[in-house]
Amino acid sequence: MNFKKHREISRQTWHTNDTSWEQRLQHACLGLIDETGELSSCLKKQIGYNQKIDLVNMKEELGDKIYFLHRLLDESEFTEKGKNPHISLDYLLREINPFVRTPFESICQLSYDMSVLVVQVSYRLRDSDLPKPEILVENSDVIRVLTSIIQLIRYYEFTLSDVLESNINKLKARYGKKMKFSEEKAINRDIAKERKSLS
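Rules behind the numbers
Residues numbered from 1 in each chain as written. Predicted model: local features only at pLDDT ≥ 70, side-chain atom pairs only at ≥ 80, totals over all residues. Heavy atoms only, no water. Helix = DSSP H or I, 4+ residues; strand = E, 2+ residues; numbered from the N terminus. Rg over C-alpha atoms; globule rule 2.2 N^0.38 Å. Contact = heavy atoms within 4.5 Å. Buried < 20%, exposed > 50% of the residue type's maximum accessible area, 1.4 Å probe, protein only. Expected span 1.5 Å × (residues − 1). Salt bridge = Lys/Arg side-chain N within 4 Å of Asp/Glu carboxyl O.

Chemist: Before we go on, may I ask you to explain the overall build of the protein chain in this structure?
Modeler: Per the secondary structure count, the protein chain includes 9 helices and 0 strands. In the protein chain, the succession of helices and strands from N to C terminus is α-α-α-α-α-α-α-α-α. The C-alpha radius of gyration of the protein chain comes to 16 Å, within 12% of the 16 Å expected for a compact globule of 199 residues. In the protein chain, the proportion of contacts linking residues at least 24 apart, taken out of those at least 6 apart, comes to 77%.

Structure (structure tokens):
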């Protein structure tokens, strides 16, 4: 599975009918911040408490991170056509350096780059005279975030396809095979069922 396919399939689980565009944009931004904390927690347990790293959970959080990145790009109208006319994540993968950082370096860098990305979006939203700013997300912002995500995937010897497929499997476990968003299912999750779908 590639980014484009994951983005198309996972989009079905995004709530678009009962919320405003600005609410959805803010939800995507906050989701990205939240998932960075979840990734940090995986590593903190290993470093701070000498626990074995939970690789299933690490893969899950990486998939969730990509999910919210795709939703931010959707709400920013960051399409598959080039730079605002936008560019796809699959294309941006070519820009990723092949070196491998340590997980600590990658998560610290990801936290910083994600904060910059989200703050830039909020400033562009605030400072625009238009209902929807023409440019909310720059390619360079996305490349920096994507680099740290890919570094973590490589470090833990996952494949990108496996991370993306696992995320889709989790969404199917939550919402059913049709993957239609439901507020009730989003709130009342069967955590055991979702974890089993990641294995």
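Chemist: How do you make sense of unusual backbone geometry when you look at a structure like this?
Modeler: In most cases, non-glycine residues show a negative phi, while peptide bonds are predominantly trans. Positioned with a positive phi, Asn 50 is a non-glycine residue whose angle comes to about 60°. Here Asn 50 is to be found in the loop between α2 (21-49) and α3 (55-75). Even without being a glycine, Met 179 presents a positive backbone phi close to 55°. Here Met 179 shows up in the loop between α7 (160-175) and α8 (183-187). For Met 179, a relative accessible area of 2% gives the class buried.

Chemist: Please clarify how α7 should be interpreted in this entry.
Modeler: Helix length check: α7 (16 residues) gives 23 Å between terminal C-alpha atoms against 22 Å at 1.5 Å per residue, within 8%. For α7, the complete set of buried residues consists of Leu 160, Val 163, Leu 164, Ser 166, Asn 167, Ile 168, Lys 170, Leu 171, Ala 173, Arg 174 and Tyr 175. Residues of α7 that are buried make contact with α1 (3-10), α3, α6 (139-155), α8 and α9 (191-198). A positive backbone phi angle near 95° is found at Gly 176, which sits one or two residues after α7.

Chemist: When you look at the pattern of salt bridges in this model, what are you seeing that I'm missing?
Modeler: It is possible for side chains bearing opposite charge to pair when their charged atoms get close. Considering all chains together, one arrives at 12 salt bridges under this definition. The closest approach of N and O atoms between Arg 195 and Asp 54, which form a salt bridge, is 3.1 Å. You can see Arg 195 sitting in helix α9 and its partner Asp 54 sitting in the loop between α2 and α3, a full 141 residues away along the chain. Note that Asp 74 is salt-bridged to Arg 71, the shortest N-O span being 2.8 Å. One end of the pair, Asp 74, and the other, Arg 71, are both in helix α3, 3 residues apart, so they sit about a helical turn from each other. Through salt bridges with shared partners, one network takes in Arg 7, Arg 11, Arg 71 and Asp 74.

Chemist: What am I meant to see in α3 here?
Modeler: Since one α-helical turn is 3.6 residues long, residues separated by three or four positions face the same way. An ideal rise of 1.5 Å per residue puts 30 Å on 21 residues; α3 measures up with 30 Å between its terminal C-alpha atoms. Within α3, 19 of the 21 residues are buried, which leaves it mostly tucked inside the rest of the structure.

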